[in-house]
Amino acid sequence: MTTWALIAFICGLWWTLATLWRLTRPMLRPPLWLALLRDVVPAPLLGLLLVRLVGIS
């Protein structure tokens, strides 16, 4: 249970940081929704990787 909570937290943090970074850039080439949609895959993968590295299960 702790693993999934940590993965969800990392996904939320990733999305928050990605959104702030995209909004502060003056020239948004792809629309914001499309740019953030591309972050759907890396966020859970990053969460799983960090959970495995830390050894929480």
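Scroll up for the structure.
Calculation rules
- Residues numbered from 1 in each chain as written.
- Predicted model: local features only at pLDDT ≥ 70, side-chain atom pairs only at ≥ 80, totals over all residues.
- Heavy atoms only, no water.
- Helix = DSSP H or I, 4+ residues; strand = E, 2+ residues; numbered from the N terminus.
- Expected span 1.5 Å × (residues − 1).
- Buried < 20%, exposed > 50% of the residue type's maximum accessible area, 1.4 Å probe, protein only.
- Axes fitted to C-alpha atoms, helices over the stretch in contact; angles between N-to-C directions.
- Parallel < 35°, antiparallel > 145°, perpendicular 65-115°, else oblique.
- Left-handed = near helix turned anticlockwise from the far one by under 90°.
- Contact = heavy atoms within 4.5 Å.

Draft legend 1. Helix α1 (residues 2-24), seen in detail. Between its terminal C-alpha atoms α1 stretches 33 Å, which fits the 33 Å expected from 23 residues at 1.5 Å a residue. Taken together, the buried positions of α1 are T3, I7, I10, C11, A18 and R22.

Draft legend 2. Representation of the packing of α1 against helix α3 (residues 42-54) in the model. In the contact formed by α1 and α3, the axes pass within 8 Å of each other and the chain directions differ by 135°. Put simply, α1 runs oblique to α3. Note that α1 runs across α3; the crossing there is right-handed. Contact residues: α1 offers T3, L6, I7, I10, C11, W14 and W15, while α3 offers P42, A43, P44, L46, G47, L48, L50 and V51.

Draft legend 3. Broad picture of the environment of L37. By the element assignment, L37 lies in helix α2 (residues 32-37). Owing to a relative accessible area of 49%, L37 belongs among the partly exposed residues under this scheme. With 22 residues separating them in the primary sequence, L37 and W15 have C-alpha atoms 9.6 Å apart.

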